[in-house]
Every structure is written in C-alpha cells, then in structure tokens.
Amino acid sequence: VEIKIKAEESESIVREICREIKSLDIAKRNLQTTMTALKRMHMLTAAVSQLRSSSAAKRYGEAANLLEAIGHLISYFEPHGDVPRISELKAEVAATRKRLEDEVFEAFKKIGKLVETTTAGRTTDGKSEMSQGSGEFASLSDACLVLDAVGQAARDRQMAALIQNQLEPYAQLFPRGGQYSSLEDVDRRFSWIRRLLRVFQERFHDSFPIHWQMERRLIFGFIEETRTMFLEILSSGEEHSVTAILKALQKSLVFEKEVQARLDDLDHRRKKSDDTTTVENTSINKNITIPNKNNTIHDNKIAGTVLGTLSSVFDPFMQPYVALEKKNMQEMMSKVAAEEDVDRDGALPVFSSSVHVFAYIKTSVRRCTALTTGQTFFKLYRAFCECLSEYANRLTSAVDEAAVHSSAKEESRRNFWATQDAISVACYALNTAEYCADTMEQLGDIVKAKIDKDYIEQIETETQIDAFREVIGRAVRKLVAVIDAALEPAFKRIATTNWSILDAVDEESKYVGDIVFALKSKIPAARNLLSALYFRNVCDKIVASFLPKLYKAILNTKRINETATHQLLLDLHSLKPLLLDLPNITPIHRDNDAQIDTANNTDTTKENNKSSTENIRIKPAITFTKFVTKHLAKIEMLLKLVGTPTEMLVERFKIMWPDGSRSDLLAVCALKGLKRNEQLALADTFSGGGAFDATVATDNKNLSKSSSKNDLNDDPPTASHQLSFVDRSAIESKFESVSATASLTINKAASQMRDLINMQRGAASTNVDDSSLSSLAPTNST
C-alpha cells in the first residue's frame with residue numbers, strides 16, 4: 001500500500017512537470033506564428049507602400065515585381081481577411097492593380113496598326129513611340145510584366161484586343177466583292193500578313209514575352225479570317241476557273257509551309273526559356289523564387305500545326321480540277337489510241353497506249369498529292385477508275401472488231417490496225433489487259449499509302465481488275481475462234497469429199513494438209529506473243545474445240561468405204577504427233593509466191609524468227625496429252641468399227657465400245673452404208689447397252705479441272721493460277737513409256753505404208769492390199 005501511494009505521488013509530480021512543458025511549447029508555437037505574421041504583415045505593408053510610390057513614380061517594372069510578391073503575401077493572410085488592416089491593404093492593392101491595368105490598356109492602344117505605320121515613325125525597339133506624355137510606359141516590356149502580374153484574364157483580354165486591332169485593316173483591304181477579294185489576288189493577302197509579321201518582328205522583337213506567342217496568335221488569327229473569306233468566295237455560286245483555284249491552293253500551301261517553319265523556330269526558342277523567374281524585392285532586400293506559370297499558355301486556338309488549316313478549305317470545291325484531269329486523260333487516251341503502236345520494252349509486247357495511260361496517271365497522282373491527299377485525291381482516283389474502265393472497253397472492242405481474215409492492202413498499212421491480223425491484236429490485247437490488271441493493283445496500293453486515313457477503306461480495284469480479266473477471256477476466245485476459222489476449210493473438205501468411192505490410199509488426205517497449214521500458220525504466232533501460262537491455256541481450248549469437231553465431221557459423212565476408213569486412220573496417225581506436241585509446233589517456212597494467209601504482219605514475223613532461234617520447248621501438260629489421246633482414240637475406234645466386216649460388227653462393237661448404245665451402233669451402220677433394214681437387224685441382235693455419252697462436255701470438264709480453275713469455255717486463269725498439273729511420277733513414267741512404244745509402232749507402220757504406196761505408184765497399181773493397211777491400225781489394247 002505504501003509503494004502504491006508513492007507511485008501515485010511520483011506520477012502526479014511528472015504530470016505537473018509535463019503540463020508546464022506543454023504550455024511552454026504552445027506558447028513558443030504561438031509566439032513563432034505571431035512573429036511570422038507580424039514579419040509578413042510588415043513586409044506586406046512595406047510592399048504596398050512601395051507599390052503605391054512605384055506606380056505614382058511610373059516605375060512600372062518595379063511595380064510589376066511588387067505585384068507578384070504582394071500576391072503571394074496576401075494569399076498568406078486569406079484566413080484573416082476580416083482583420084481591418086488586412087482588408088484595407090487588399091483594397092488598396094486591388095485599386096492599384098486596376099489603375100495599372102487601365103494604364104497598360106491605354107499604352108497598348110498607342111501602338112496603332114502596324115501595317116499603316118511602316119513608312120513613318122518606325123522604330124526597332126518600341127520605346128521612342130511610348131515615351132511621350134504622362135501615363136505611358138518606358139517600354140512594352142514593362143507593360144507586359146504588369147499584365148503578367150495583374151493576372152491571366154487581363155492578359156488574355158489585352159492579347160485578343162491587340163490581335164484584333166492589328167488584323168482590322170486586313171478585313172478592310174479585302175472585303176467581300178472588293179477589288180482584291182478574288183482568288184486571283186490571293187498573293188496580295190499573303191504579302192500583307194508577311195509585311196505585318198516583318199514589322200512586328202522589327203518593332204517588338206524583345207518587347208513581348210516569348211510565352212505570349214504573339215506571332216503565333218497573329219498567324220492563326222489571319223488564317224482563321226482568311227478561311228472564312230475563302231469559304232465565302234468559293235461557296236458564293238460564282239464560277240471560278242480551274243487555274244484560279246489551283247493557283248490559290250498552291251499559294252496557300254507555300255504560305256503554310258513558310259509560317260510553319262517560322263513557328264517551329266519560335267517554339268524551339270520558347271522551350272529554351274527558363275521555367276522559373278526570380279522576383280527581387282529591392283526594398284526589403286529579399287529574393288522570392290516563384291514558379292513561372294506564365295511560360296506556358298495553353299490555348300487550343302493556337303495549338304498544333306498550321307499545315308492544312310488553310311488549304312483544306314479548297315477540298316470540297318475541287319471538282320472542276322478533277323473534271324479537267326479526267327477530260328485530259330480521256331483526250332490523251334483518244335490520241336494515243338489513234339496513234340496506236342506496240343511497246344516491246346517489257347517482257348511481253350503490249351499496246352503503247354496502256355503505257356501512256358499509266359504514265360499519265362502517275363504524273364497526275366504526283367500533281368494531286370502535292371496539293372491535297374483528301375477528298376480531291378479520292379475523287380481523282382475514282383476518275384482514274386472510270387477512265388481505266390473505258391480503256392478496258394476499248395480493248396474489248398479492239399478484240400471483237402479484229403478481222404479473222406485480214407484484207408489490208410499495202411497502201412493502207414500506214415494505219416496500225418490495218419496492218420494487224422486477229423492473232424496479233426488478240427495477243428497484244430491479252431498482254432495489255434494482264435499488264436493493266438497488275439498495274440491497277442499496284443496503283444491501289446500507292447493510293448492507299450498516300451490518301452488520308454478516312455478514305456483508305458473506300459479504295460477498291462476489283463471492278464477494274466475484273467474488267468481487264470474479262471478482256472483476257474475475250475482475247476483467248478478470239479484466238480480460238482481465229483484458229484477455228486482457219487480450220488474450217490479442212491472440215492468443209494471432209495464434208496465435201498465422197499468417202500464412199502475412194503479406191504486408193506494416199507500418204508495423207510488434202511484436209512490433213514489444210515489442218516497442218518492452219519495450225520502452223522497461226523499457233524506459232526500466238527506462242528511468240530504470249531506468256532507460257534496463257535499459251536498453254538489457248539492450246540487446251542484449241543484441242544477442246546478441234547477434236548469434237550473432227551469427230552462430228554467424220555460422223556456426219558454419208559458413207560465411208562473400207563479404203564476410206566484406212567485412209568482416215570492413216571490421216572489420224574499423221575495428225576496425232578502434231579496435236580500431242582501442239583505447244584511446240586513449228587511455223588511454216590514460206591516463199592514469197594506461196595499461197596499463204598497474208599494477215600501476219602512484219603512485226604509478228606520478226607517475233608516468229610526470234611522465237612525459232614531460241615528453241616525453247618514448252619512441255620505439254622499430262623492432262624493435255626491424256627485429253628488428246630482419249631479423243632483421238634475415240635475417233636480411231638469409230639473408224640475401226642466402220643471398217644469392221646458386217647458379220648463381226650456387233651461382236652466388235654461390244655468389245656471396243658462397251659458403253660455404246662443402240663443409237664451409236666446405228667450411226668456406225670449408217671457410216672458403213674448399210675440399208676435401213678440391215679441396220680435394224682443388227683440393232684436387234686445388239687444386246688449390250690449402257691448410255692454412252694457422245695458429247696465432250698465431260699472430257700472438257702476433266703481437262704478444265706486439271707488445266708485451270710475455269711471451264712474450257714470460260715475465261716482463262718489469272719497469273720496466280722497454274723495451268724500445269726501435279727506431277728505424279730509413277731503415272732507419268734508409265735504413260736510416257738506406253739506413249740513411246742505406241743509412237744514407235746505407228747512410225748514404223750507409217751514408214752511401211754509409205755514404201756507400199758511408192759511401190760504401188762511405181763507399178764501403176766490402182767488397189768492396195770487391205771491386209772497391209774489393216775496393220776496400220778493399232779489394236780485396242782495398244
């Protein structure tokens with residue numbers, strides 16, 4: 001209990017001691033606060049007194065520094081605003097600030113309009129004009145310091161008034177409908193602002209603080225007013241010449257680049273300015289460091305670049321320029337089409353007009369992108385597309401109107417089109433369309449890289465590329481039609497020949513010579529002018545058209561006797577190696593007086609000679625070979641059945657033509673010349689069946705699937721498609737082996753036949769041993 005009592009006493013003593021210490025701490029803190037407040041109150045009183053005397057003595061630089069210091073001191077006494085002395089000091093400072101602000105505004109009014117005082121009273125430092133009369137500042141620099149000290153609102157108001165005052169003569173000199181308000185006088189506008197900036201730089205280079213950005217404000221103010229004026233002029237409904245619009249736009253672009261370089265230099269200098277300012281209070285001998293918040297003035301109206309701010313106003317009104325470019329391009333296309341020639345500088349010969357068209361487009365793109373890459377450039381691109389669609393139509397017309405048989409006379413050869421045969425025109429058009437399609441795709445990529453982002457998604461080239469692909473398809477079909485027309489005499493000869501009375505077998509029939517001549521006079525010309533890709537496709541279509549027609553021609557003959565059957569088989573074997581190696585067929589070497597088709601012009605002949613010296617072979621595709629072999633075998637089967645004795649016909653028909661139908665058997669009987677009752681009797685004994693597809697649609701489809709993605713009657717494949725087929729080594733090796741064996745057998749038989757014919761002619765014999773002829777026909781297994 002005693003210990004507890006002593007502990008309580010000790011605790012009470014400690015509490016009393018601490019109470020005294022706490023009281024002393026509070027007293028010390030209050031004393032320090034009071035001393036600081038009294039000290040700052042003394043500083044504020046002294047500063048206000050000095051401000052009063054400085055403003056009365058017109059020492060505005062000192063007054064500006066004092067305003068900065070007084071502002072920070074007054075902010076310290078904000079919680080004590082109800083103290084009478086502090087309220088009095090604040091009121092006196094506000095009155096002094098208002099008086100200084102009014103005096104600054106009056107001083108700035110005396111600057112006047114710079115462009116009106118460039119010939120008299122000009123000074124370079126801005127001091128002599130502001131040192132006359134009471135209430136004026138010794139320099140603009142002091143006035144600007146006062147405005148910075150007074151506050152941002154006053155400063156912004158004064159800057160806006162100054163800019164408006166300096167730009168007021170601009171509106172007076174270039175009013176709407178005035179003498180110099182047209183687009184033709186746009187140079188005068190830019191000369192005026194250049195003169196204003198030059199005078200401003202000479203007089204007030206060091207007067208205005210850098211962070212005020214007065215030159216930038218002058219430039220953006222001028223651009224804003226000029227944009228409004230240009231919009232009024234362009235949308236007034238008056239017709240403006242393309243030359244005037246382009247001149248105004250070009251001058252605007254030059255001005256934008258010029259002032260942007262000037263502003264970049266000013267921004268660089270501004271960034272180097274100090275971020276803080278030291279305000280020296282000379283009376284109290286105290287330096288106060290204040291963050292310079294005025295060094296950066298955030299104003300969205302003058303932020304960013306000036307590039308495009310003025311020139312973009314022309315974009316919606318550039319339709320006359322686009323129309324002029326389109327008109328010039330169409331005239332150029334008409335001119336080069338009238339002076340058409342062949343350009344052979346590239347890998348393949350093309351119409352020179354296509355080279356001129358894209359050269360013009362390249363130049364036009366360069367011209368337009370130097371002016372604008374926005375709406376006008378997009379409209380110009382659409383004009384390009386329209387002109388290229390027209391050019392595709394011109395190519396289509398050239399292909400369609402090319403004469404299958406040229407009848408040009410020597411005196412008309414000065415005209416390009418009069419000297420070209422259909423083969424050349426179709427090949428040139430095909431190459432030109434391919435060149436245009438590829439270049440069109442590149443043009444789309446170039447435009448996307450240059451045009452504004454808002455229009456990138458609207459750039460598409462598929463329509464024009466499809467149009468040129470259609471030209472390619474027409475050109476291929478034209479080539480096939482030309483060769484079909486050249487083969488027509490051969491088919492007429494087959495139809496007009498009386499095969500029922502043929503009594504001797506010759507080395508080959510005359511129609512074979514017609515076929516050989518037609519193919520050799522046309523196909524090499526196409527090969528020398530086309531790429532291997534499209535030439536293979538042409539060959540596919542030629543055999544797909546020729547072989548069914550040959551089959552039909554034989555089928556439509558009235559009667560074929562046994563001798564004619566052997567003759568036709570011999571003709572067939574003469575044609576087989578030619579057709580199998582059709583892509584590498586050699587041209588005919590013709591004399592001047594030979595009976596030839598005079599449609600091939602000198603240029604094509606040169607290409608033929610060039611190709612013949614290169615000896616570049618084109619390997620036929622496997623499916624091409626299969627297609628030719630299959631259809632020749634079908635014709636061969638028909639002829640063998642026609643030559644089969646009547647009593648063995650049905651049996652042989654079932655073996656050789658297992659899918660043949662009753663109508664097929666009747667067709668064979670008709671070719672043999674059997675009477676109707678004999679045909680019906682054989683048909684009655686025929687117990688086979690199965691519908692045989694006599695058409696070639698299926699075979700054409702099979703060839704098409706392997707040679708291209710298109711049907712043989714459709715357009716040829718694009719360059720991205722391959723006409724060659726997947727090489728299956730095992731099948732190809734076996735096929736080539738069988739083909740080589742068959743070819744050797746046929747050549748040997750043909751040689752024997754020629755010997756027999758020569759012997760027959762020597763002996764003046766009129767008949768040929770049928771047994772020897774029958775050896776020429778390979779067996780069904782072969």
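Residues numbered from 1 in each chain as written. Predicted model: local features only at pLDDT ≥ 70, side-chain atom pairs only at ≥ 80, totals over all residues. Heavy atoms only, no water.

## As for the overall build of the protein
Turning to step 1, where the next piece is worked out: Scanning the protein from N- to C-terminus turns up 24 helices and 4 strands.
Turning to step 2, where the next piece is worked out: Burial statistics for the protein: of 782 residues in total, 45% are counted as buried.
Turning to step 3, where the next piece is worked out: Relative to all contacts within the protein whose residues are 6 or more apart in sequence, the contacts with residues 24 or more apart total 79%.
Turning to step 4, where the next piece is worked out: For the protein, the accessible area works out to roughly 40,500 Å², and carbon and sulfur atoms hold 52% of it. (Helix = DSSP H or I, 4+ residues; strand = E, 2+ residues; numbered from the N terminus. Buried < 20%, exposed > 50% of the residue type's maximum accessible area, 1.4 Å probe, protein only. Contact = heavy atoms within 4.5 Å. Areas by Shrake-Rupley, 256 points an atom, 1.4 Å probe, with all protein chains shown as cover.)

## Quick word on the side chain of Thr 432
Turning to step 1, where the next piece is worked out: As for its position among the elements, Thr 432 is in helix H12 (residues 422–450).
Turning to step 2, where the next piece is worked out: Here the side chain of Thr 432 touches Tyr 428 through a polar contact of 2.6 Å, landing on its backbone oxygen.
Turning to step 3, where the next piece is worked out: Setting aside anything within four residues of it in sequence, one finds Thr 432 in contact with Val 350, Phe 351, Ser 354, Tyr 391 and Leu 395. (Polar contact = N/O pair within 3.5 Å; in protein donor to acceptor, adjacent residues only side chain to side chain.)

## Section: the state of the cysteines
Turning to step 1, where the next piece is worked out: In the structure shown here, the tally under the stated rule is 0 disulfides.
Turning to step 2, where the next piece is worked out: Between Cys 385, a cysteine without a disulfide, and Cys 387, which holds the nearest cysteine sulfur, the sulfur-to-sulfur distance is 9.4 Å.
Turning to step 3, where the next piece is worked out: The class of Cys 385 is buried, set by a relative accessible area of 1%. (Disulfide = S-S within 2.5 Å.)

## Comments concerning the packing of helix H19 (residues 646–656) against helix H20 (residues 662–672)
To describe two helices that pack against each other, one gives the angle between their axes and the distance between the axes.
Turning to step 1, where the next piece is worked out: At a minimum axis distance of 11 Å, the contact between H19 and H20 shows a crossing angle of 150°. Here H19 lies roughly antiparallel to H20, going by the angle between them. For H19 against H20, the interelement crossing comes out right-handed. Between H19, through Thr 646, Leu 649 and Phe 653, and H20, the contact on the second element is made entirely by Asp 664, Leu 665, Val 668, Cys 669 and Lys 672.
Turning to step 2, where the next piece is worked out: Here the residues of the contact of H19 with H20 are counted per class, giving 5 nonpolar, 1 polar and 2 charged. (Axes fitted to C-alpha atoms, helices over the stretch in contact; angles between N-to-C directions. Parallel < 35°, antiparallel > 145°, perpendicular 65-115°, else oblique. Left-handed = near helix turned anticlockwise from the far one by under 90°. Nonpolar A, V, L, I, M, F, W, Y, C, P; charged D, E, K, R; others polar.)

## Structural notes on the pattern of salt bridges
Turning to step 1, where the next piece is worked out: Under the counting rule described, the total for this entry stands at 16 salt bridges.
Turning to step 2, where the next piece is worked out: Two residues, Glu 434 and Arg 469, come together in a salt bridge whose shortest N-O distance is 2.5 Å. One end of the pair, Glu 434, is in helix H12; the other, Arg 469, is in helix H13 (residues 462–496), with 35 residues separating them in the sequence.
Turning to step 3, where the next piece is worked out: What you see here is one network of salt bridges that share partners, running through Asp 400, Glu 470, Arg 474 and Arg 477. (Salt bridge = Lys/Arg side-chain N within 4 Å of Asp/Glu carboxyl O.)

## What to know about the nonpolar core
Turning to step 1, where the next piece is worked out: In this structure, Phe 108, Phe 208, Phe 314 and Leu 519 are the most contacted members of the largest nonpolar core, which totals 194 residues.
Turning to step 2, where the next piece is worked out: With residues up to four places along the chain from it excluded, the contact list for Phe 108 reads Leu 140, Ala 143, Cys 144, Leu 147, Gln 158, Leu 162, Phe 208 and Trp 212. (Core = buried A, V, L, I, M, F, W, Y, C linked by side-chain atoms within 4.5 Å.)

## Brief notes about the confidence of the model for the protein
Turning to step 1, where the next piece is worked out: For the protein, the mean per-residue pLDDT works out to 75, and 74% of the residues sit at or above 70.
Turning to step 2, where the next piece is worked out: Within the model, the stretch residues 117–137 combines pLDDT values under 50 with 40 contacts to residues more than four positions away or in other chains.
Turning to step 3, where the next piece is worked out: A low-confidence stretch, residues 688–744 stays under pLDDT 50, and its non-local contacts, those more than four residues away or across chains, total 101 contacts. (pLDDT = per-residue confidence, 0-100.)

## Comments concerning unusual backbone geometry
Turning to step 1, where the next piece is worked out: Look at Gln 213: it is not a glycine, yet its phi comes out positive at around 50°.
Turning to step 2, where the next piece is worked out: In this structure, Gln 213 sits in the loop between helix H6 (186–204) and helix H7 (214–234).
Turning to step 3, where the next piece is worked out: On the accessibility criterion, Gln 213 (11% relative accessible area) is buried.

## Description of a nonpolar patch on the surface
Turning to step 1, where the next piece is worked out: Together, Ile 13, Ile 17 and Ile 21 make up a nonpolar patch on the protein surface, roughly 290 Å² of accessible area in all.
Turning to step 2, where the next piece is worked out: As for its position among the elements, Ile 21 is in helix H1 (residues 2–56). (Patch = residues over 30% accessible without salt bridge, like charges linked within 9 Å, V, L, I, M, F, W, Y side chains within 5 Å.)

## Some remarks on empty space enclosed by the protein
Turning to step 1, where the next piece is worked out: For the structure shown, the criterion picks out 4 cavities of 30 Å³ or more.
Turning to step 2, where the next piece is worked out: There is about 60 Å³ of room inside the largest cavity.
Turning to step 3, where the next piece is worked out: Forming the walls of the largest cavity are 10 residues, and the residues nearest its centre are Arg 536, Asp 540, Pro 620, Ala 621 and Phe 624.
Turning to step 4, where the next piece is worked out: Here the element with the most residues in the lining of the largest cavity is helix H15 (residues 532–555); it accounts for 3 residues.
Turning to step 5, where the next piece is worked out: Residues belonging to the lining of the largest cavity are distributed by class as follows: 7 nonpolar, no polar and 3 charged. (1 Å grid on protein atoms, 1.4 Å probe; cavity = no way out; pocket = protein on both sides within 12 Å on 5 of 7 lines; lining within 4 Å. Points joined across faces, edges and corners; volume = space filled by probe spheres on them.)

## As for the packing of aromatic side chains
Turning to step 1, where the next piece is worked out: Summed over all chains, the structure comprises 13 aromatic pairs.
Turning to step 2, where the next piece is worked out: Geometrically, the ring pair formed by Tyr 170 and Phe 174 is tilted, given 5.3 Å between the ring centres and 50° between the ring planes.
Turning to step 3, where the next piece is worked out: Overall, Tyr 170 belongs to the buried group, its relative accessible area being 0%.
Turning to step 4, where the next piece is worked out: Taking the relative accessible area as the measure of exposure, Phe 174 reaches 6% and is therefore buried.
Turning to step 5, where the next piece is worked out: Aromatic side chains Trp 499 and Tyr 511 sit 6.2 Å apart centroid to centroid with 85° between the ring planes, which places their arrangement in the edge-to-face category. With Trp 499 in the loop between H13 and helix H14 (510–529) and Tyr 511 in helix H14, the pair connects residues that are 12 residues apart, well separated along the chain. Tyr 511 shares its class with Trp 499; the two are buried.
Turning to step 6, where the next piece is worked out: By way of ring pairs, the aromatic residues Tyr 170, Phe 174, Phe 190, Trp 192, Phe 222 and Phe 255 are connected into one cluster.
Turning to step 7, where the next piece is worked out: Across from the ring centre of Tyr 360, 5.7 Å away, lies the NZ or CZ of Arg 367, which sits over that ring.
Turning to step 8, where the next piece is worked out: The cationic tip of Lys 634 hangs over the ring face of Tyr 551; the distance from NZ or CZ to the ring centre is 4.4 Å. (Phe/Tyr/Trp six-rings, centres within 6.5 Å; stacked < 30°, edge-to-face > 60°. Lys NZ or Arg CZ within 6 Å of the ring centre and 35° of its normal.)

## Details of the side chain of Asp 571
Turning to step 1, where the next piece is worked out: Relative to the helices and strands, Asp 571 resides in helix H16 (residues 562–580).
Turning to step 2, where the next piece is worked out: Polar contacts involving the side chain of Asp 571 include one to the side chain of Ser 509, which spans 2.5 Å.
Turning to step 3, where the next piece is worked out: Setting aside residues up to four positions removed in sequence, Asp 571 forms contacts with Glu 508, Ser 509, Tyr 511 and Val 512.

## Looking at the packing of helix H11 (residues 375–401) against H12
Turning to step 1, where the next piece is worked out: At a minimum axis separation of 10 Å, H11 and H12 run at an interaxial angle of 170°. Our classification of the angle between H11 and H12 gives roughly antiparallel. Taken together, the residues of H12 that come into contact with H11 (itself represented by Phe 377, Tyr 381, Cys 385, Leu 388, Tyr 391, Leu 395, Ala 398 and Val 399) are Val 425, Ala 429, Thr 432, Ala 433, Cys 436, Met 440, Leu 443, Val 447 and Lys 450.
Turning to step 2, where the next piece is worked out: Residues belonging to the contact of H11 with H12 are distributed by class as follows: 15 nonpolar, 1 polar and 1 charged.

## Regarding H20
Turning to step 1, where the next piece is worked out: Along H20, the residues that are buried comprise Asp 664, Leu 665, Leu 666, Val 668, Cys 669, Leu 671 and Lys 672.
Turning to step 2, where the next piece is worked out: Elements that come into contact with the buried residues of H20 comprise H15, helix H18 (622–643), H19 and helix H21 (676–685).
Turning to step 3, where the next piece is worked out: Phi turns positive, to about 85°, at Gly 673, one or two residues after H20.

## Brief notes about a negative patch on the surface
Turning to step 1, where the next piece is worked out: A contiguous patch of negative charge, built from Asp 438, Glu 441, Asp 445, Glu 462 and Asp 466, is present on the exposed surface.
Turning to step 2, where the next piece is worked out: Secondary structure elements with two or more residues in the negative patch: H12 and H13.
Turning to step 3, where the next piece is worked out: When residues of the negative patch are assigned to their parent elements, the largest contribution, 3 residues, is made by H12. (Lys, Arg positive; Asp, Glu negative; His and termini not counted. Charge placed at Lys NZ, Arg CZ, Asp CG, Glu CD.)

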